[in-house]
Amino acid sequence: MRRLLFLGILLLITSCATEKLNLSPLSNTFSSETKSDSENSKSISINITENVNASEITNLISTFPKFTNTAVNDEVSTLKYTLQNYLYAVAAGNNSGKNKTIRNLEKSYKNIQKLRKYLKKDEDEVLNRYLVRLKTNITVIEDSVNGKK
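Residues numbered from 1 in each chain as written. Predicted model: local features only at pLDDT ≥ 70, side-chain atom pairs only at ≥ 80, totals over all residues. Heavy atoms only, no water.

A. The arrangement of the pattern of salt bridges in detail. The tally for this structure, following the rule as stated, stands at 3 salt bridges. Glu142 is the salt-bridge partner of Lys98, the closest N and O atoms lying 3.1 Å from each other. Of the two residues, Lys98 sits in helix H4 (residues 95-115) while Glu142 sits in helix H5 (residues 121-145), which places them 44 residues apart along the sequence. Linking Arg116 and Asp124 is a salt bridge whose minimum nitrogen-to-oxygen distance equals 2.6 Å. (Salt bridge = Lys/Arg side-chain N within 4 Å of Asp/Glu carboxyl O. Helix = DSSP H or I, 4+ residues; strand = E, 2+ residues; numbered from the N terminus.)

B. Representation of the packing of aromatic side chains. Tallied over the entire structure, the rule returns 1 aromatic pair. Look at Phe64 and Tyr130: their rings are 4.7 Å apart centre to centre, the planes differ by 45°, and that puts the pair in the tilted class. Here Phe64, found in the loop between helix H2 (37-63) and helix H3 (70-92), pairs with Tyr130, found in helix H5; they are 66 residues apart in sequence, far enough to count as distant. Judged by relative accessible area, which is 7%, Phe64 ranks as buried. Residue classification places Tyr130 among the buried residues on the basis of a relative accessible area of 14%. (Phe/Tyr/Trp six-rings, centres within 6.5 Å; stacked < 30°, edge-to-face > 60°. Buried < 20%, exposed > 50% of the residue type's maximum accessible area, 1.4 Å probe, protein only.)

C. Spotlight on the packing of H3 against H5. Packing of H3 against H5 leaves a shortest axis separation of 13 Å and a crossing angle of 20°. Taken together, H3 and H5 sit at an angle that is classed as roughly parallel. In this structure, the crossing between H3 and H5 has a hand that is left-handed. Every residue of H5 that contacts H3 at Val72, Val76, Leu79, Leu83, Tyr86, Leu87 and Val90 is listed here: Leu127, Leu131, Leu134, Ile138, Ile141, Glu142 and Val145. Residue composition of the contact of H3 with H5, grouped by class: 13 nonpolar, no polar and 1 charged. (Axes fitted to C-alpha atoms, helices over the stretch in contact; angles between N-to-C directions. Parallel < 35°, antiparallel > 145°, perpendicular 65-115°, else oblique. Left-handed = near helix turned anticlockwise from the far one by under 90°. Contact = heavy atoms within 4.5 Å. Nonpolar A, V, L, I, M, F, W, Y, C, P; charged D, E, K, R; others polar.)

D. Region of the structure containing the layout of surface pockets. Empty space within the largest pocket amounts to approximately 260 Å³. Lining the largest pocket are 13 residues, and of these Leu105, Glu106, Tyr109, Lys135 and Ile138 sit closest to its centre. Looking at the lining of the largest pocket, the elements with two or more residues in it are H3, H4 and H5. When residues in the lining of the largest pocket are grouped by element, the largest group, 6 residues, is from H5. Tallied by class, residues from the lining of the largest pocket come to 8 nonpolar, 1 polar and 4 charged. (1 Å grid on protein atoms, 1.4 Å probe; cavity = no way out; pocket = protein on both sides within 12 Å on 5 of 7 lines; lining within 4 Å. Points joined across faces, edges and corners; volume = space filled by probe spheres on them.)

E. Quick look at the environment of Leu83. In this fold, Leu83 is placed in helix H3. The exposure class assigned to Leu83 is buried, which follows from its relative accessible area of 1%. Separated by 22 residues in the primary sequence, Leu83 and Ile61 place their C-alpha atoms 7.9 Å from one another. Once you skip the residues sitting within four places of it in the chain, Leu83 turns out to touch Ile57, Ile61, Leu105, Leu134 and Ile138.

F. Layout of the packing of H3 against H4. Two elements in contact, H3 and H4, have axes whose closest approach is 9 Å; the angle formed by their N-to-C orientations is 160°. With respect to H4, the element H3 is oriented roughly antiparallel. Once H3 is placed against H4, the crossing between them reads as left-handed. Mapping the contact onto sequence places Ala71, Val72, Glu75, Val76, Thr78, Leu79, Thr82, Leu83, Asn85, Tyr86, Ala89 and Val90 in H3 and Gly97, Lys98, Thr101, Ile102, Asn104, Leu105, Ser108, Asn111, Ile112 and Leu115 in H4. In the contact of H3 with H4, the residues fall into 12 nonpolar, 8 polar and 2 charged.

Have a look at this one:
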């Protein structure tokens, strides 16, 4: 009985005395600091944009279909690897790495565009949908990183 009472008091004291971590994906920090409304809304909108588009790219990487043409599949693998490097560079704030992966993305994208003529019509349409979604998400991330709206 004493142990139960002691644990109850200990639980009450520790739950009231400690600051709970703010693990929300919408915040930049792990503490519950308050910011002015203008700072808060600006940082949240940029973080939401980056997180949503980065997660969309990650989903596209993991769900990319396999095609009948092996050359297209090889180039898609290169594109997926480069996209992962791009996301790592953006997350780390590595501008030179980000710019290098952008060039590699453009090169891989052009190679895929050349190889599309060897695909069946339905495979070409699926590939086109994936490429458009990737390009759109990268553009939004680039705009938010560069401070554009």
